[in-house]
Amino acid sequence: SLATLLATVMASKRRGVEVYGASKRQVRGKQVETALIDEDKRCLPESAQFTKLIDFERRIDAVISRKRLEIQDALKPSEKQKKRLRLFVTGAWTLAKPEDPTCPDVTWTLRLEGKLLDVPKARERRRMSTFFKRLMVEFTNSDQRTQTHEWQRKSGSVEADGFEISRTGALPQKANIFLDLQDVPAKYKVPSVLANILGVHTASKAQILVRLWVYIKKNNLLSSEDPQIIQCDGYLQHIFRVPQLRFVELPNLVERCVLPADPVRIPYFFEQDRSHVYDTKIFDLEVDVDADDTGSSFLLAATTAQQIEGLDKRMDKLLAALNETRERRQVLQDFAADPAAFSLMWMASQSADEDVIAKGPSIQHAARRAEFYDDDWVVTSVQRYLQEDADHSRLQLNQQFATVVQSRQ
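A brief look at the structure comes next. (Residues numbered from 1 in each chain as written. Predicted model: local features only at pLDDT ≥ 70, side-chain atom pairs only at ≥ 80, totals over all residues. Heavy atoms only, no water.)

In this section: the overall build of the protein. Each helix and strand counted, the protein has 11 helices and 13 strands in total. The buried share of the protein, reckoned over its 409 residues, is 28%. Nonlocal contacts in the protein, meaning residues at least 24 apart in sequence, comprise 69% of its contacts between residues at least 6 apart. Of the roughly 27400 Å² of accessible surface on the protein, a fraction of 54% belongs to carbon and sulfur atoms. (Helix = DSSP H or I, 4+ residues; strand = E, 2+ residues; numbered from the N terminus. Buried < 20%, exposed > 50% of the residue type's maximum accessible area, 1.4 Å probe, protein only. Contact = heavy atoms within 4.5 Å. Areas by Shrake-Rupley, 256 points an atom, 1.4 Å probe, with all protein chains shown as cover.)

A word on the side chain of Ser204. Position of Ser204 relative to the elements: it lies in strand 8 (residues 202–204). The buried category is assigned to Ser204, whose relative accessible area is 4%. When sequence neighbours within four positions are dropped, the list of residues in contact with Ser204 reads Pro185, Ala186 and Lys187.

Turning our attention to unusual backbone geometry. The backbone of Asn220 sits at a positive phi, close to 55°, despite the residue not being glycine. With respect to the helices and strands, Asn220 occurs in the loop between helix 5 (205–218) and strand 9 (229–231). Assessed through its relative accessible area of 65%, Asn220 is described here as exposed. You will see that Arg241, though not glycine, has its phi angle at about 65°, which is positive. The residue Arg241 is located in the loop between helix 6 (234–240) and strand 10 (244–246) in this model.

Moving on, we come to helix 7 (residues 250–257). Of the residues making up helix 7, those classed as buried are Leu250, Leu253, Val254 and Cys257. Looking down the long axis of helix 7, one finds its buried residues gathered within 100° of arc, a one-sided arrangement. What points out from helix 7, more than 90 degrees from its buried face, is the exposed set Asn252 and Arg256. (Arc of directions from axis to C-beta.)

Glancing now at the packing of helix 5 against helix 7. How two helices pack is summed up by the angle between their axes together with the distance between the axes. At a minimum axis distance of 11 Å, the contact between helix 5 and helix 7 shows a crossing angle of 115°. Our pair here, helix 5 against helix 7, has a crossing hand that is right-handed. Residue-level inspection shows Lys205, Ile208, Leu209, Leu212 and Ile216 of helix 5 in contact with helix 7, the latter providing Leu250, Pro251, Val254 and Glu255. Of the residues that constitute the contact of helix 5 with helix 7, the class distribution is seven nonpolar, no polar and two charged. (Axes fitted to C-alpha atoms, helices over the stretch in contact; angles between N-to-C directions. Left-handed = near helix turned anticlockwise from the far one by under 90°. Nonpolar A, V, L, I, M, F, W, Y, C, P; charged D, E, K, R; others polar.)

Once that is clear, we can look at the sheet that holds strand 8. In a beta sheet, neighbouring strands are held together by backbone hydrogen bonds and run either parallel or antiparallel to one another. Within the open sheet, the three strands sit side by side as 8-7-11. Their pairing is antiparallel. With one partner strand each, in any of the chains shown, strand 8 and strand 11 (259–260) form the two edges of the open sheet. The pairing of strand 7 (residues 187–189) with strand 8 spans three bridges and is classified as antiparallel. By the bridge assignment, Lys189 is partnered in strand 8 with Thr202. Across the sheet, helix 5 touches strand 7 and strand 8, and the angle it forms with strand 8 is around 100°. (Pairing = 2+ DSSP bridges.)

Moving on to helix 5. The terminal C-alpha atoms of helix 5, which comprises 14 residues, lie 20 Å apart, in line with the 20 Å expected from a rise of 1.5 Å per residue. Looking at helix 5, one finds that the buried residues are Ile208, Leu209, Val210, Leu212, Trp213, Tyr215 and Ile216. Note on helix 5: the residue one or two positions beyond its end, Asn220, has a positive phi of about 55°. (Expected span 1.5 Å × (residues − 1).)

Below, the discussion takes up the sheet that holds strand 3 (residues 132–140). A sheet is described by the order of its strands in space; here four strands give the open sequence 4-3-6-12, paired in antiparallel fashion. In the strand order of this sheet, the two ends are held by strand 4 (146–152) and strand 12 (264–269), each with one partner. Averaged over all pairs of adjacent strands, the angle between strand axes in this sheet comes to 15°, irrespective of strand direction. Bridge analysis of strand 6 (residues 174–181) against strand 12 gives six bridges, and the strand direction is antiparallel. Counted as the bridge partner of Ala175 is Tyr268 from strand 12.

This paragraph deals with the packing of aromatic side chains. Considering all chains together, one arrives at seven aromatic pairs under this definition. The interplanar angle of 40° and the centroid separation of 6.5 Å between the aromatic rings of Phe139 and Phe270 together place this pair among those described as tilted. Of this pair, Phe139 sits in strand 3 while Phe270 is found in the loop between strand 12 and strand 13 (278–290), placing the two residues 131 residues apart along the sequence. Phe270 gets classed as buried once you look at its relative accessible area, which sits at 6%. Consider the rings of Trp151 and Phe163, whose centres lie 5.1 Å apart with planes at 50°: the pair is tilted. (Phe/Tyr/Trp six-rings, centres within 6.5 Å; stacked < 30°, edge-to-face > 60°.)

Quick look at the structure:
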């Protein structure tokens, strides 16, 4: 019947099978494209209003992003305050065999404790471990061999006011303590060129965008013809590798530039003199804590963001339903125009599908021909692969350089 034939054709299209000469495949899970094709515009004259709405939405998003950065720049103080976390690093050791003074082995302990200073008594005291997501201690012995101990935050980690490592053996000469801060939102390391013009070396992505927006306004880099276009000066061209960019592209470009923040390094030397069996050193670390003032909390707008996301999902569903309806209409029109030719074409398509299934994926056969690599997607794919490979290599080099610098210190 016609209904059965229509269902079979639509099911084949959803599976991505080529039907009566169709040249495009549907990718499952791909986000629905909001741009309407010319055929939809001819069938639905009202679609012109939808196209205008989409363009208006893009402009509104750009303006909102710009205004949000301006408001964040104007609001003082911020939601975070700088506090001092005082760290106490204590090394202690005793002879493993007191009855045998010649025995070199000792029982030694390294203890790390912390306390947040200048905190009102009314506020609940935070435990030291809440400020860190990872802690690593590297011990160096007299023969320059190293031994590493690591703690990493997990979902069920119990908060504590300190950490302690106890061992029996040769007394280490030195301990390097590496602390990765638990920043919310997460902070990143800013490249040197961008850090010089922004005046910040480690910051969150939102803070980097705010400072970058201030730099753009201060140097009049916005296009006079289109405020959404940013004309890059020499510094920004060196960083982003483009002469101009759209404002909405800034978050993605910043995402590619930033690097993981460097850990805090605390060196500790064990006293080798047997008259010093207990030694404590004090270090002050600057950390961010939540401020009492929440005057800028409206910028988060979690409820509004959820509503916008829900409307976007609903619009995607409507567009998917519209595309499916258009395909059904096209199938019925082709069948009504010439039922015999349509049936023959459909049977030929089914026969070709069976051949493809029997021989394997058709893309393997197409990839053997030179013209397969003449399409535009090949150049785009190669450029994207080279860019990702270069970013990965740059990140590895920076990490290796940081490791070499720390080892020399």
